[in-house]
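# Reading the structure
Now for the letters of each chain:
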Amino acid sequence: MTRNITFMKAINEALEQAMEKDERVILLGEDIAGGAEVAHLEKKNEDAWGGVFGVTKGLMPKFGRERVIDTPISEMGYMGAAVGAAATGLRPVPELMFNDFIGFCLDTILAQGSKMRYMFGGKAKIPMTIRTCHGAGASAAAQHSGSYYGLLGAIPAVKVVVPATPYDAKGLLLAAIEDDNIVVFSEDKTLYGLKGEVPEEYYKVEIGKAKVKKEGTDLTIVTIGKMLYVALEVAEQLANENISVEVIDLITVAPWDQATIIASVKKTGRLVIIDEANPHNNTATDIASVIGNQAFDYLDGPIKCVCAPHTPVPFATNLEQLYLPNAERVLETAAELIDDLKN
Amino acid sequence: MKKIDKKRASWILKTMSDIRNFENETHRIFTSGEIPGFVHLYAGEEAIATGVCAHLTDADYITSTHRGHGHCIAKGCDLNGMMAEIYGKETGLCKGKGGSMHIADIDKGMLGANGMVGGGFPIAVGAGLRNKYLKTKDVVVCFFGDGAANEGGFHEGVNLASIWKLPVVFVNENNNFAEATPQWYSSGSKTIAQRAEAYDIPGERLDGKDLVAVYEAAGKAIDRARKGEGPTLLECMTYRDYGHFEGDEQKYKATAGKEKELAARDCIKEFGTYLLSEGLLSEKEIAEIANTSQKEIAAAIKFAEASPIPRPEALYEDVYAN
């Protein structure tokens, strides 16, 4: 049965169903339950927080503190422990509260977990899913608002997924937890309240496959995460001018789906990529480079990237809004391609 | 803890000899230029890996260091596969794709030598968490050097093992030098063992050149871990026979005094003397073990030299699982 539930609830439900299905799945993180060893909470089997945003609320009371493990503020310790537990047969799902904290624990992913299988001649498997959140727009300022999915996606052997809808959030998380590799599941914190249709049952969304969210013939827009909604707005505006936009939600940042984008560009001849990460050495530039090489002959104009500026995320609301890509900027950046269409 | 009987004594002496011969031969071959990259030799520290791993089975895990050959051998890794790995051959334990610093054999409970100083702490904690979660009696030993003790991972790893009462034994091999910088310069605490008090776990500094001392302290700590009583921190004082890596001129080493005396001690000879005095092995038996060990290491070198290099396609293999 399908219900209309929030992005956050979809993630919570995926964790619950993954834990019901497989006892090897454990959760670790800072305050993912909260209140460990606080007598009056223990007595009522209650979690204090259920994660800083409440994403994991209710899972500790259901599965116990052996499986929903509150960690100290010790990112290297518990992220590395997740690598060790995964290498020895569990399927841990550590939560990195904000992706901006990656520096504290990057060694465990960059130098340890991601390289074990290769370094050990194929003998190891590291089935772990790192849940984290990214994204500006919540007035969380520079150290809690960055978007580093591209940075993590640059590491060989690490898969990175960025869902944009409640449906994909649930299905991708279940697929990630079943995957035998390190999968970073990056949640946009501004989408937690977004509602959408989500089946009640267990289902998976394929990792590595982009989704065509709207078909079109004139211009392809590829998006990551909440940039999907910017693209849909642009598509609607351009439809008024009889320009047909195809919108592709990338969903998987690493390894990203070349085939779907190439097929679309062959049809439209024009490509715009929207990525809210900083503009250099990111997923958008990677896509532009690869598509420029693989599909050059089909392109009618330059590939355009719309990204955040090369700055940290500012705090002041007006500056933060300027930081985020929006429909206006997409239309401006893509003007050269669009003007050609208008003629 | 099991006593050192004749069978155990033979295994220990053979293992220590294997490590010494493996490292001396690696030194010789590396100097001749046949081995690529860089290697960090364990010779001189054999009593620690052997005295600790004597208590472990294949179901127990260890994490190791960049100076990992000794831990691999003591944990039962195949000598041929190890030597071939150091040569970068397809028959290596890691198909030649790991090399000296990344030898691993998960089936043997060996979670990998580690090129990141201090990289093993959280991994050991994770394996310990797994053992506790699955309610096994298996333990994890985290070997680390005096240099690693100053990494943040030491604090995070020991603290987590302490609060979760994990079956992890932290075995510090204090060989006096982190690369070329002395331990006494690098550490604010006089000993590494004394830091155990801060985490409310047992800590002990001991003579790491003395096999029996290591065997007994490790046995106690491992028994404690198996019983679910939590982690222990052991600081084993030792000295490496060679430099930090091969090619190191070792200008920092002392030429006289206590440090020089420590450097002059041979843990294998000392253990041999102990075996004779306890009547556990005869001179003849000791000589036979030394002889067998030399032959096996020579055979490992032959195996490595005769083995093929990896196929070009191997470059792309084993990045992702499935």
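Remember, it's a predicted structure, so these values are computed and weren't measured experimentally.

### Topic: the overall build of chain A
Along its length, chain A carries 13 helices and 14 strands. Against the globule reference of 20 Å for 343 residues, chain A gives a C-alpha radius of gyration of 20 Å, in line with a compact fold. For chain A, the spread of C-alpha atoms along the three principal axes comes to 70 × 45 × 40 Å. Within the span of chain A, comprising 343 residues, buried residues form 62% of the whole. Contacts in chain A between residues at least 24 apart in sequence constitute 79% of all its contacts with a sequence separation of at least 6.

### Observations regarding the overall build of chain B
Looking only at helices and strands, chain B has 11 helices and seven strands in total. The C-alpha radius of gyration of chain B comes to 19 Å, within 12% of the 20 Å expected for a compact globule of 322 residues. With respect to the three principal axes, the spread of C-alpha positions in chain B is 55 × 50 × 40 Å. Considering chain B as a whole, with its 322 residues, one finds that 59% of them fall into the buried category. Long-range pairs, those at least 24 residues apart, make up 73% of the contacts in chain B with a sequence separation of at least 6. As presented, chain B carries roughly 13200 Å² of accessible surface, and 53% of it is formed by carbon and sulfur atoms. Charge-centre separation for chain B: the mean point of 38 positive side chains lies 4 Å from the mean point of 46 negative side chains.

### Overview of helix 8 (residues 227–239) of chain A
Residues and elements named next belong to chain A. Between its terminal C-alpha atoms helix 8 stretches 18 Å, which fits the 18 Å expected from 13 residues at 1.5 Å a residue. Among the residues making up helix 8, those that are buried are Met227, Leu228, Val230, Ala231, Val234, Ala235 and Leu238. Viewed along the axis of helix 8, the buried residues span an arc of 155 degrees, placing them on a single side of the element. Those residues of helix 8 that are buried lie in contact with strand 9 (211–214), strand 10 (219–223), strand 11 (245–249), strand 13 (271–275), helix 12 (327–333) and helix 13 (335–342).

### As for the nonpolar core
Within the largest apolar cluster, 122 residues are counted, with the highest numbers of intra-cluster contacts made by A:Ile11, A:Val68, A:Met128, A:Ile261, A:Ile291, B:Phe144 and B:Phe170. Looking at this core element by element, the count peaks at eight residues for helix 4 (residues 75–87) of chain A. Setting aside anything within four residues of it in sequence, one finds A:Ile291 in contact with A:Trp256, A:Ile261, A:Ile262, A:Val265, A:Leu271, A:Phe296, A:Leu299 and A:Ile303. Counting 48 residues, the second-largest nonpolar core is a separate cluster that includes B:Ile35, B:Val52, B:Ile73 and B:Ala218.

### Structural notes on a nonpolar patch on the surface
On the surface, A:Trp49, A:Val52 and A:Phe53 cluster together into a nonpolar patch covering about 270 Å² of accessible area. Mapped onto the elements, A:Trp49 comes out in the loop between helix 2 (39–43) and helix 3 (59–63).

### Details of empty space enclosed by the protein
As enumerated under the stated definition, the model contains three cavities of 30 Å³ or more in all. Taken as a whole, the largest cavity holds about 70 Å³ of empty space. Taken together, A:Gly113, A:Ser114, A:Arg117, A:Ala124, A:Lys125, A:Ile126, A:Ala157, A:Asp180, A:Asn181, A:Ile182, B:Val319 and B:Ala321 make up the lining of the largest cavity. Examining the composition of the lining of the largest cavity, we find that three residues originate from one element, helix 5 (residues 102–119) of chain A, more than from any other. Classifying every residue of the lining of the largest cavity gives six nonpolar, three polar and three charged. Quantified by volume, the second largest cavity comes out at close to 60 Å³. Around the second largest cavity, the lining residues are A:Gly51, A:Val52, A:Phe53, A:Val55, A:Glu95, A:Leu96, A:Met97, A:Arg131, A:Thr132, A:Cys133, A:Glu187 and A:Tyr192. Sorting the residues of the lining of the second largest cavity by element identifies strand 4 (91–96) and strand 5 (128–134) of chain A as the ones contributing at least two each. Ranked by residues supplied to the lining of the second largest cavity, first place goes to strand 5 of chain A with three residues. Among the residues making up the lining of the second largest cavity, the classes are represented as seven nonpolar, two polar and three charged.

### A look at the interface of chain B and chain A
Between chain B and chain A, the contact holds 39 residues from the first and 43 residues from the second. Across the interface of chain B and chain A, roughly 3300 Å² is buried in total on both sides, 65% from carbon and sulfur atoms. In terms of surface lost to chain A, no three residues of chain B exceed B:Tyr133, B:Glu156 and B:Tyr320, which account for 20% of the buried area on that side. Our enumeration of links across chain B and chain A arrives at one salt bridge. In this structure, the salt-bridge partner of B:Asp105 is A:Lys123, at a minimum N-O distance of 3.1 Å.

### What about the confidence of the model for chain B?
When the pLDDT values of chain B are averaged, the result is 97; 100% of them are 70 or greater. Scoring the predicted complex yields pTM 0.97 and, for the interface, ipTM 0.96.

### Describing the layout of surface pockets
Taken as a whole, the largest pocket spans an internal volume of roughly 610 Å³. In this structure, the largest pocket is lined by 19 residues; those nearest its centre are A:Arg65, A:Glu66, A:Ile69, B:Lys132 and B:Trp164. Partitioning the lining of the largest pocket into residue classes produces 10 nonpolar, two polar and seven charged.

### Notes on the sheet that holds strand 11 of chain A
Residues and elements named next belong to chain A. What the five strands build is an open sheet, ordered 9-11-10-13-14; its pairing is mixed. Where the open sheet ends on each side, the last strands, each with one partner, are strand 9 and strand 14 (304–307). Ignoring strand direction, the axes of neighbouring strands in this sheet form an average angle of 25 degrees. Sheet topology note: the strand 9/strand 11 ladder contains three bridges and is antiparallel. Within strand 11, the residue paired with lysine 214 across the bridge is valine 247. Contacts from helix 10 (residues 283–294) reach strand 10, strand 13 and strand 14 within the one sheet, and its direction differs from that of strand 13 by about 160 degrees.

### Quick notes on the pairing of strand 5 of chain A
One face of the sheet, then the other: side chains in a regular strand alternate in exactly this way. All names here are of chain A. Among the seven residues in strand 5, seven count as buried, and that is most of the element. Judged by which residues are buried, strand 5 turns out to be covered on both faces: Met128, Ile130, Thr132 and His134 on one side and Thr129, Arg131 and Cys133 on the other are all buried. The sheet contact formed by strand 4 and strand 5 spans two bridges and is parallel. Its bridge partner lying in strand 5, leucine 96 is registered against threonine 132. Following the backbone out of strand 4, through helix 5 and into the adjacent parallel strand 5, one traces a crossover that is right-handed.

### Focus on the sheet that holds strand 2 (residues 140–145) of chain B
Residue and element names in this part refer to chain B. Spatial ordering of the open sheet is given by 1-2-3-7-6, a layout of five strands whose pairing is parallel. Here the strands that pair on one side only, and so sit at the sheet edges, are strand 1 (61–63) and strand 6 (203–207). Adjacent strand axes in the sheet meet at a mean angle of 20 degrees when their direction is disregarded. Pairing of strand 6 with strand 7 (residues 232–237) involves five bridges; the strand directions are parallel. When the bridges of strand 7 are listed, glutamate 204 appears paired with leucine 234. Along the sheet, helix 2 (residues 46–53) makes contact with strand 2, strand 3 (168–174) and strand 7, crossing strand 2 at roughly 170 degrees. Along the sheet, helix 5 (residues 120–133) makes contact with strand 1, strand 2 and strand 3, crossing strand 2 at roughly 170 degrees.

The rules behind the values
Once a new chain begins, its residue numbering starts again from 1 and follows that chain's sequence as written. Here chains are named by letter from A upward and ligands by number from 1 upward, in the order in which they appear as written. pLDDT decides what is reported in this predicted model: residues at 70 or higher carry local features, side-chain atom pairs at 80 or more are listed and counted, and totals for whole chains, interfaces and linings draw on all residues regardless. Excluded from the side-chain calculation are hydrogens and water; included are all heavy atoms of the structure. Helical segments are the DSSP runs of H or I of at least four residues, strand segments are the runs of E of at least two, and each set is numbered from the N terminus. Values of the radius of gyration come from C-alpha atoms, whereas the globule rule sets the reference at 2.2 Å times the count of residues to the power 0.38. Think of it in three bands: residues with accessible area under 20% of the maximum for their type are buried, residues over 50% are exposed, and the middle band is partly exposed, with areas taken using a 1.4 Å probe on protein chains only. Working rule for contacts: check all heavy atoms of both residues, and any pair within 4.5 Å makes them a contact. The Shrake-Rupley method, run with a 1.4 Å probe sphere, supplies the accessible areas, and residue values consider only the shown protein chains as cover. Residues scored as positive are Lys and Arg, those scored as negative are Asp and Glu, and His as well as the terminal groups of each chain are ignored. For this purpose, a charge sits on NZ of Lys, CZ of Arg, CG of Asp or CD of Glu. Multiplying one less than the number of residues by 1.5 Å gives the expected span of a helix. It is the directions from the helix axis to the C-beta atoms that the arc portrays. For the purposes of this section, nonpolar cores are sets of buried Ala, Val, Leu, Ile, Met, Phe, Trp, Tyr and Cys residues that join through side-chain atoms within 4.5 Å. Patch membership requires more than 30% relative accessible area and the absence of a salt bridge. Residues of like charge join within 9 Å; the nonpolar side chains Val, Leu, Ile, Met, Phe, Trp and Tyr join within 5 Å. Salt bridges, as used here, are contacts in which a Lys or Arg side-chain nitrogen is within 4 Å of a carboxyl oxygen on Asp or Glu. Cavity means a closed set of points on a 1 Å grid over the protein atoms alone, one where a 1.4 Å probe fits but cannot get out, pocket means an open set with protein on both sides within 12 Å along at least 5 of 7 lines, and lining means a residue has an atom within 4 Å of a point. Grid points are joined across faces, edges and corners, and a volume is the space filled by probe spheres set on the points. Residue type decides the class: Asp, Glu, Lys and Arg count as charged, Ala, Val, Leu, Ile, Met, Phe, Trp, Tyr, Cys and Pro as nonpolar, and the leftover types, Gly among them, as polar. Here the quantity called buried area is the total loss of accessible area, with a 1.4 Å probe, experienced by two parts when brought into contact, counted for both. Confidence of the predictor at the level of single residues is captured by pLDDT, which takes values from 0 to 100. Being paired, for any two strands, means DSSP has found at least two bridges between them. The angle between two axes is taken between their N-to-C directions and runs from 0 to 180 degrees, where each axis is a line fitted to C-alpha atoms and a helix contributes only its stretch in contact. Crossovers are described as right-handed under a simple rule: with the strands pointing away from the observer, the path leading from the first strand over the helix to the second runs clockwise.

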